[in-house]
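Coordinate inspection notes
Take a look at the letters that make up each chain.
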Amino acid sequence: MKPKHRQLLKILESAHVPVTGAQLAAALGVSPRTIINYIAVINNALPDSIASSPRGYMLAAAARKSRAYWTAAPCSPQCSEERMEKMLRLLLLENDLLNINDFAEKIHISPESIKNDLYLMRQKTVKYNLQILQTEGNILLQGGESGKRSLLASIINREVSHTRLAVQQLNQYFPQFPVASLQQVLTQIIQEQGFFINDCLRPNLLRDILISIWRCRYGHYAASSPLDLNTTALTAAVREKLSPFYDNLPPGEMNYLLHILYGYLLPQNFTCLNRQTVLGQLPSRHAAIIQKLFAYMEKAMPFVELNDYFVVRFAFNIANLLQLKELGKVLANPQRDDMKTAAPFSFCLSLCLAEKLSQISGFHFSPDDAAQLSVHISLALKKARTVNIDAVDCGLLITPYFDYAHELRTELLAHFPQSINIAAEASSEQNLEELKNVQFIISTVPLPNGFPVDWITTNPILSWEKIQEIALHLQRKQQENRARLLADFLQKYAVWTKIPADLLTPVSRYMQQGQIALRLEVGDYRHPRLLIEHCSCQPHKYAPQFRLCLMINARHWEQSSHILHDLIARLQKLRCKKQEALTLPAFIETIVR
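A quick note: this is a predicted structure, and the numbers were derived from the prediction, not measured.

Thresholds, definitions, all that
Residues numbered from 1 in each chain as written. Predicted model: local features only at pLDDT ≥ 70, side-chain atom pairs only at ≥ 80, totals over all residues. Heavy atoms only, no water. 1 Å grid on protein atoms, 1.4 Å probe; cavity = no way out; pocket = protein on both sides within 12 Å on 5 of 7 lines; lining within 4 Å. Points joined across faces, edges and corners; volume = space filled by probe spheres on them. Helix = DSSP H or I, 4+ residues; strand = E, 2+ residues; numbered from the N terminus. Nonpolar A, V, L, I, M, F, W, Y, C, P; charged D, E, K, R; others polar. Buried < 20%, exposed > 50% of the residue type's maximum accessible area, 1.4 Å probe, protein only. Contact = heavy atoms within 4.5 Å. Core = buried A, V, L, I, M, F, W, Y, C linked by side-chain atoms within 4.5 Å. Pairing = 2+ DSSP bridges. Axes fitted to C-alpha atoms, helices over the stretch in contact; angles between N-to-C directions. pLDDT = per-residue confidence, 0-100. Phe/Tyr/Trp six-rings, centres within 6.5 Å; stacked < 30°, edge-to-face > 60°. Lys NZ or Arg CZ within 6 Å of the ring centre and 35° of its normal.

1. Some points on the layout of surface pockets
Where empty space is left can be seen by rolling a probe of water-molecule size over the atoms. The computed volume of the second largest pocket comes to approximately 530 Å³. Around the second largest pocket, the lining comprises 26 residues; the ones closest to its centre are Arg-313, Phe-314, Asn-317, Val-375 and His-376. Those elements that place two or more of their residues in the lining of the second largest pocket are helix H17 (308-326) and helix H20 (367-384). No other element matches the eight residues that H17 contributes to the lining of the second largest pocket. Residues that form the lining of the second largest pocket fall into these classes: 15 nonpolar, eight polar and three charged.

2. Description of empty space enclosed by the protein
For the coordinates displayed, the defined rule picks out two cavities of 30 Å³ or more. By volume, the largest cavity is sized at about 50 Å³. For the largest cavity, the full set of lining residues is Gln-183, Leu-186, Arg-202, Pro-203, Leu-205 and Leu-206. Ranked by residue count, the leading element in the lining of the largest cavity is helix H12 (residues 202-217), at four residues. When the residues that make up the lining of the largest cavity are grouped by side-chain class, the tally is four nonpolar, one polar and one charged. Of the voids in this model, the second largest cavity is the one considered here, and its volume is about 30 Å³. Broken down by secondary-structure element, the contributors of at least two residues to the lining of the second largest cavity are helix H22 (464-493) and helix H23 (557-573).

3. What to know about the side chain of Asn-333
Take Asn-333: it is sitting in the loop between H17 and helix H18 (336-342). In this structure Asn-333 comes out as buried when scored by relative accessible area, which is 5%. Contacts of Asn-333, omitting those with residues within four sequence positions, involve Cys-200, Leu-201, Asp-368, Ala-371 and Gln-372.

4. Observations regarding the nonpolar core
Residues Ile-139, Phe-174, Leu-182, Leu-242, Phe-314 and Leu-490 are the most contacted members of the largest nonpolar core, which totals 128 residues. A total of 11 residues in this core trace back to one element, the largest contributor, which is H17. Filtering out sequence-adjacent residues up to four positions away, Leu-242 remains in contact with Leu-182, Val-185, Leu-186, Ile-189 and Leu-257. With 16 residues, the next largest nonpolar core counts Leu-8, Val-19, Leu-24 and Ile-35 among its residues.

5. Notes on the sheet that holds strand E5 (residues 138-143)
The three strands lie next to each other as E3-E5-E4, forming an open sheet whose pairing is antiparallel. If you trace the sheet from one side to the other, it starts and ends with strand E3 (97-99) and strand E4 (130-135), each paired once. The sheet shows a mean angle of 20° between the axes of neighbouring strands, direction not considered. Helix-sheet contacts for helix H9 (residues 145-159) involve E4 and E5, and the interaxial angle to E5 is about 115°.

6. Regarding the environment of Met-121
For Met-121, the location among the structural elements is in helix H8 (residues 111-125). Expressed as a C-alpha distance, the spacing of Met-121 and Glu-85, which sit 36 residues apart in the sequence, is 8.3 Å. Once residues lying within four places of it in the same chain are set aside, the contact partners of Met-121 are Met-84, Met-87, Leu-88, Leu-91, Ile-132 and Ile-139.

7. Observations regarding the confidence of the model for the protein
Taken over all residues, the pLDDT of the protein has a mean of 79, while the share at 70 or more is 83%. Highest mean pLDDT in the protein belongs to H17 (92); lowest belongs to strand E13 (residues 511-513) (49). Considering only residues more than four positions removed or in separate chains, one finds that residues 499-512, a stretch of pLDDT under 50, has 47 contacts. Low pLDDT, under 50, characterises residues 523-542; the predicted model gives this stretch 67 contacts beyond four residues in sequence or across chains.

8. As for the packing of aromatic side chains
For the structure on display, the rule yields six aromatic pairs. Ring centres of Phe-196 and Phe-270 lie 5.8 Å apart, and the angle between their planes is 40°; this geometry places the pair in the tilted category. Remark: Phe-270 occurs in the loop between strand E7 (265-267) and helix H15 (275-281) and Phe-196 occurs in strand E6 (residues 195-197); sequence separation between them is 74 residues. Look at Phe-294 and Phe-314: their rings are 6.1 Å apart centre to centre, the planes differ by 40°, and that puts the pair in the tilted class. Taken together, the residues Phe-294 in helix H16 (residues 284-300) and Phe-314 in helix H17 connect sequence positions 20 residues apart. For Phe-314, a relative accessible area of 0% translates into the label buried. By the ring-pair criterion, three or more aromatic residues cluster together here, those being Phe-294, Phe-310 and Phe-314. Its end group placed over the ring of Tyr-309, Arg-313 keeps NZ or CZ at 3.7 Å from the ring centre. In this structure, Lys-325 is placed above the aromatic ring of Phe-365, and the distance from its NZ or CZ to the ring centre is 5.4 Å.

Structure below.
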């Protein structure tokens, strides 16, 4: 069984609900068709191990019984990529030196195969400013210590990409090391020194400290300059609490540890700070970059309110990221896929900000980094919204002889506070005309056959079955509302063109969403303002074929922000046929459907 098959099974094992083929494909970095092939192979090796349904795939009892078989690590790497990963891991976790003959004998292949893999290893290590040398039958890894540690962190991230980085995974890389004890010590330092850390990034901090300790045990020390911050108290705490884990803790390594800590920690009093105070506390080089980014946001994203609540959290987050980038660190952010699904528009905005931040700072910011920013943007947009497009206009028909009108109204609003808008009420069957303009009617008596509005009867004691029935009706109406709003929105604001066949990349300042190159402008009709700037996509087989430009009136932003979340989520799933020449009406029909 191949590693990808094991990864797929582990994903399904940890899932509590069915997982779709698209979700599995995104997690494993393959196509949905490949997922189907993987499942066929797995079910052939372990009959009936993966069950399928319209909702997705689930791990069956047969696979759980044979868990010892598919969770066992393969005895040897099965391809060049796996051999390369294992060689780099051994080099970095041991002494930067590996004997080719010993390694070849251990994994049962010829030394010549190992030598052929060196080209792939050199390609992998060059972006970390490292060199792979071959001397007297040995492989030697040369370069800066910071680059070696960043490479090891990236290998760990990639190998656990199908799950979430946690203490259990770190134990596999650092066996016979008290990982749990180190975690407790770090938590104690953070609390005693008055700092705060995002829980989802805590395993990243633990991983970086573990790599530091492990490398120091082999005599490989980092050489970092002191921070331009007052770190006296934190330095004393780190030296006292972490020294037992180190054989030696020279000044350069201590500075490196402080750099790492300031890449993850926030002061506990950050909620009491304002914009000027925060920028004054940060290193001047970081404050200058953050000021430029805020200036860009004020011009390009006028709908994101840069108040103190947003600015303080956003500025500290960016300062943390810049601190880690200066060390060459990489993040494994478990929120990335969640944010991409839950808030697709905010995630796209964060990707554009990450691109702008890369231009300003000269560092590369990944989607994992952008996911941290998207949390702040999504919450800021949510707070600014006053329009609820998911509320369904409902009518109530409560007859006079029904003595519990107030109780029924209260129960409905308690169960569906965001889904029901009571737009009209009637007290008898003779007043049904008053309810013809609503979308859904909840009544205490049956309505005549052929009445043009959907309806349901109920009593003040809403049973679980009745609540579910009402919820299904409301969900269907919400979907109809979203489809109608999206169609009206595109007809009003969209400009649609097909990208000529001889143009390999879309026009600059468009961003790719599936096979659509999207550009969004917000302002008034006479002075449109550019919202999203994005580098042209590199030509490849999934290059966009169509350009969609949205010119949005800023006065309509309240409603537009809701619709854009829905639009971008649909664009990510849209697949246009190669020769399909869509017009705007045809595109609207496709995206709505």
